Amino acid sequence: MNLLSWVVTGILLLTAMGLLLVRDWRISLGILGVQYIGVFWLSSLHWPLSMAAVKLVSGWMCVVILGMTSLGLKGGMLSADEFWTQGRLFRVFAASVVVLIVLVSAPRLENIIPGMGLPVVYGGLLLTGLGILHLGIVSQPLRVVLGLLTVLAGFEIMYAALESSILVAAMLSVVDLGLALVGAYLMMASRRESIS
């Protein structure tokens, strides 16, 4: 069980890095769906399976909302940033700095709040840190929503170890879905502005 948790933490690192580096919106949404499987697994270490499944279902619903909106827009302005290839090396460097900071700080945080488990702390901090990095370097509405959902997923993993309230789990799922709906609206609004 512990080895599988470490594997899931590694998968979360790969998904967060993938969201930073992949330029196709279809692949990005697929990566986000895989990321929510990791969130489900690490949340299920502290929550009952039914509560953790709520995180998985609401995360996949966010992917569907963003995917349907992107399909409706025919992916026109959602494919890539203008200077994507020039910034790829910077993104890898910045992400490696975030990973190093997490590697150093996670054991200390686990000592401060015992019982969380190192895989949960690493997974939560990696998603939160790389999500904040993602927010700092993107400007398209879809990419911003992906960064926000990543930050929130990292927070939810660590919060699941501290609080097991059904109401809190439901409220966090509503926040996820609200972010996806606002992102879909902003994607359509920015598309309308570029057409007119």
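Residues numbered from 1 in each chain as written. Predicted model: local features only at pLDDT ≥ 70, side-chain atom pairs only at ≥ 80, totals over all residues. Heavy atoms only, no water.

**Observations concerning the pattern of salt bridges**
Keep this limit in mind: Between Lys or Arg on one side and Asp or Glu on the other, a salt bridge is scored when a side-chain nitrogen of the former is within 4 Å of a carboxyl oxygen of the latter. Three exposure classes are used, based on accessible area relative to the maximum for each residue type with a 1.4 Å probe and protein chains only: buried under 20%, partly exposed in between, and exposed over 50%. Here a strand is any run of E in DSSP of at least two residues, a helix any run of H or I of at least four, and the numbering for each starts at the N terminus.
Enumeration over the complete set of coordinates arrives at three salt bridges. Residues Arg26 and Asp24 are paired through a salt bridge, measuring 3.6 Å at the closest nitrogen-oxygen approach. The exposure class of Asp24 is partly exposed, given its relative accessible area of 24%. The shortest N-O distance in the salt bridge between Lys55 and Asp176 comes to 2.9 Å. Placement of Lys55 in helix α3 (residues 49–72) and of Asp176 in helix α7 (residues 166–195) is noted, with a sequence separation of 121 residues between them. The same class applies to Lys55 and to Asp176, which are both buried. One salt-bridge network, in which partners are shared between bridges, spans Lys55, Glu156 and Asp176.

**Notes on a nonpolar patch on the surface**
The test is simple: Patch membership requires over 30% relative accessible area and the absence of a salt bridge. Like charges are linked within 9 Å, and nonpolar side chains (Val, Leu, Ile, Met, Phe, Trp, Tyr) within 5 Å. Reported accessibility uses the Shrake-Rupley method at a 1.4 Å probe radius. Residues are deemed covered only where the shown protein chains occlude them.
On the surface, a nonpolar cluster with roughly 420 Å² of combined accessible area is contributed by Leu3, Leu4, Val7, Ile11 and Val34. Top contributing element to the nonpolar patch by residue count: helix α1 (residues 2–21), with four residues. Take Val7: it is sitting in helix α1.

**Some words on the packing of helix α2 (residues 25–44) against helix α5 (residues 118–137)**
To keep it simple, the criterion reads: Only the stretch in contact is used when a helix axis is fitted, and all axes are lines through C-alpha atoms; the angle between N-to-C directions ranges over 0 to 180 degrees. Crossing handedness: left-handed means the near helix sits turned counterclockwise from the far one by under a right angle, and right-handed means the same turn made clockwise. By definition in these notes, contact holds between two residues if any of their heavy atoms fall within 4.5 Å. Amino acids outside the nonpolar list (Ala, Val, Leu, Ile, Met, Phe, Trp, Tyr, Cys, Pro) and the charged list (Asp, Glu, Lys, Arg) are all regarded as polar, and Gly is one of them.
Viewed as axis vectors pointing N to C, α2 and α5 meet at an angle of 145°, and their least axial separation amounts to 10 Å. Judged by the twist between their axes, the crossing of α2 over α5 is left-handed. Residues Gln35, Val39 and Leu42 of α2 lie in contact with α5, whose contacting residues are Pro119, Val120, Gly123 and Leu127. Across the contact of α2 with α5, the residue classes break down as five nonpolar, two polar and no charged.

**What about the environment of Arg23?**
Tracing the backbone through its elements, the reader meets Arg23 in the loop between α1 and α2. Sequence-wise, Arg23 and Ala160 are 137 residues apart; in three dimensions their C-alpha atoms are separated by 31 Å.

**Thoughts on the environment of Ser5**
To keep things clear, this is the line we draw: Nitrogen and oxygen atoms within 3.5 Å of one another constitute a polar contact, given that in protein one can donate a hydrogen and the other can accept it, and given that sequence-neighbouring residues count only through two side-chain atoms.
For Ser5, the location among the structural elements is in helix α1. Linking Ser5 and Leu177, residues 172 residues apart in sequence, is a C-alpha distance of 26 Å. Residues in contact with Ser5, not counting those within four places in the same chain, are Trp41, Leu42, Leu45 and Pro119. Of note is the side chain of Ser5, whose polar atom sits 3.4 Å from the side chain of Trp41.

**A word on helix α6 (residues 141–162)**
Selection rule: Multiply 1.5 Å by the residue count of a helix minus one, and that product is the helix's expected span.
When the terminal C-alpha atoms of α6 are compared, their 32 Å separation across 22 residues agrees well with the 32 Å that a helix rising 1.5 Å per residue should span. α6 sits mainly inside the fold: 16 of its 22 residues count as buried.

**Overview of the packing of aromatic side chains**
Under the convention used in this document: The criterion for an aromatic pair is that two Phe, Tyr or Trp rings (for Trp, the six-membered ring) have centres within 6.5 Å, with stacked assigned to planes under 30 degrees apart, edge-to-face to planes over 60 apart and tilted to the rest.
Enumeration over the complete set of coordinates arrives at two aromatic pairs. Aromatic side chains Trp6 and Tyr122 sit 5.6 Å apart centroid to centroid with 50° between the ring planes, which places their arrangement in the tilted category. Here Tyr122 lies in helix α5 and Trp6 lies in helix α1, a separation of 116 residues in the sequence. On the basis of relative accessible area, Tyr122 is assigned to the buried category, the value being 11%.

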